[in-house]
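Here are the chains, one letter per residue:
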Amino acid sequence: DAGVTQSPTHLIKTRGQQVTLRCSPKSGHDTVSWYQQALGQGPQFIFQYYEEEERQRGNFPDRFSGHQFPNYSSELNVNALLLGDSALYLCASSKDTQGGAFFGQGTRLTVV
Amino acid sequence: GEDVEQSLFLSVREGDSSVINCTYTDSSSTYLYWYKQEPGAGLQLLTYIFSNMDMKQDQRLTVLLNKKDKHLSLRIADTQTGDSAIYFCAEVFSGGYNKLIFGAGTRLAVHP
């Protein structure tokens, strides 16, 4: 079992550009959540996908959007990038509402 | 409300016990988690406790939960240099599906 995998591991983008991050959940998991972790802070919840629908959302602007595919994998899209979007983006998978969210290694996004 | 607080830094000698503390606000949380993050890595699920438990032991790790005071602690016995990392406490927000609210993390430094 490969666990939760994310790609790419690192990314550098310019302000105003758009970015897509990808996540494959742990085998058997059907729920994918995305978190943003700024330097020196704890992860902040962006949104969660279940059955290909966004089920709940944190306090992030509409520039942040996502998608979940039939195989449960997910994408996070960020439009009109700002310098403040520079962070580690973490994907977590779980089995519906059961405890135990497992995290990937993250994608380090740098906006210049 | 959604808030988890942790002390920012803890330094211990190798072989001693470490105790990392956390307070949370959502009294309806079902699960509380401890995650470990090493430099440049994602979050590793260490252990968790269900809200109807007072204590959980898992090898060198002991979790204590005081629901009345909304206080959670993680004790690491016989702390090793490999335990040096940032430790995050997280609660499951009762108003959402497995949405995790994280503290800012406690940096544990283990010295000889």
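Look up a bit, the structure's there.
Residues numbered from 1 in each chain as written. Chains lettered and ligands numbered in written order. Predicted model: local features only at pLDDT ≥ 70, side-chain atom pairs only at ≥ 80, totals over all residues. Heavy atoms only, no water.

(A) Seen up close, the pattern of salt bridges. Residues and elements named next belong to chain A. In total, this model carries six salt bridges over all chains according to the counting rule given. Notably, a salt bridge pairs R63 with D85, separated by 2.8 Å at the nearest N-O pair. Separated by 22 residues along the polypeptide, R63 in the loop between β6 (53-57) and β7 (64-68) and D85 in the loop between β8 (74-78) and β9 (87-94) bring together distant segments of the chain. By relative accessible area, D85 is classed as buried at 4%. (Salt bridge = Lys/Arg side-chain N within 4 Å of Asp/Glu carboxyl O. Helix = DSSP H or I, 4+ residues; strand = E, 2+ residues; numbered from the N terminus. Buried < 20%, exposed > 50% of the residue type's maximum accessible area, 1.4 Å probe, protein only.)

(B) Spotlight on the side chain of T79 of chain B. All names here are of chain B. Relative to the helices and strands, T79 resides in the loop between β8 (71-76) and β9 (85-92). Side chain to side chain, T79 and S18 meet in a polar contact 2.7 Å long. Once residues lying within four places of it in the same chain are set aside, the contact partners of T79 are V12, E14, G15, D16, S17, S18, R60, L108 and V110. (Polar contact = N/O pair within 3.5 Å; in protein donor to acceptor, adjacent residues only side chain to side chain. Contact = heavy atoms within 4.5 Å.)

(C) Looking closely at the packing of aromatic side chains. This structure, assessed with the given rule, holds 14 aromatic pairs over all chains. Their ring planes at 70 degrees and their centres at 5.6 Å tell us that Y35 of chain A and F45 of chain A sit as a pair that is edge-to-face. One end of the pair, Y35 of chain A, is in strand β4 (residues 31-37); the other, F45 of chain A, is in strand β5 (residues 44-50), and 10 residues separate them in sequence. You'll find Y35 of chain A and F45 of chain A in the same group, each marked buried. Aromatic pair Y35 of chain A and F102 of chain B: ring centres 5.8 Å apart, planes at 90 degrees, arrangement edge-to-face. Of this pair, Y35 of chain A sits in strand β4 while F102 of chain B sits in strand β10 (residues 100-102), which puts the two residues in different chains. Take Y35 of chain A and F102 of chain B: they sit in the same class, and that class is buried. Among the aromatic residues, those joined into a ring-pair cluster are Y35, F45 and F103 of chain A together with Y31, Y33, Y35, Y48, F50, F88 and F102 of chain B. If you follow K26 of chain A out to its NZ or CZ, it ends over the ring of F102 of chain A, 5.3 Å from the centre. (Phe/Tyr/Trp six-rings, centres within 6.5 Å; stacked < 30°, edge-to-face > 60°. Lys NZ or Arg CZ within 6 Å of the ring centre and 35° of its normal.)

(D) Region of interest: the pairing of strand β3 (residues 18-24) of chain B. Residue and element names in this part refer to chain B. Side chains S18, I20, C22 and Y24 of β3 all project onto a buried face; the interleaved residues V19, N21 and T23 project onto a face where none is buried. In terms of strand pairing, strand β1 (residues 4-6) meets β3 through three bridges, oriented antiparallel. Looking at β3, one finds that V4 is bridged to Y24. With six bridges connecting them, β3 and β8 associate as antiparallel partners. Within β8, the residue paired with I20 across the bridge is L74. (Pairing = 2+ DSSP bridges.)

(E) Layout of the state of the cysteines. The tally for this structure, following the rule as stated, stands at two disulfides over all chains. Disulfide partner of C23 of chain A: C91 of chain A, at an S-S distance of 1.8 Å. Measuring the twist about the S-S bond at about -60 degrees, one finds the C23 of chain A-C91 of chain A disulfide to be left-handed. A residue pair is termed long-range when its members are at least 10 positions apart, and C23 of chain A in strand β3 (residues 19-24) and C91 of chain A in strand β9 qualify at 68 residues. Just as C23 of chain A is buried, C91 of chain A falls in that class too. Disulfide pairing is shown between C22 of chain B and C89 of chain B; the S-S distance is 2.0 Å. Between C22 of chain B and C89 of chain B, the S-S dihedral sits near -55 degrees, and the bridge is therefore left-handed. Remark: C89 of chain B occurs in strand β9 and C22 of chain B occurs in strand β3; sequence separation between them is 67 residues. Judged by relative accessible area, C22 of chain B falls into the buried class, the value being 1%. (Disulfide = S-S within 2.5 Å.)

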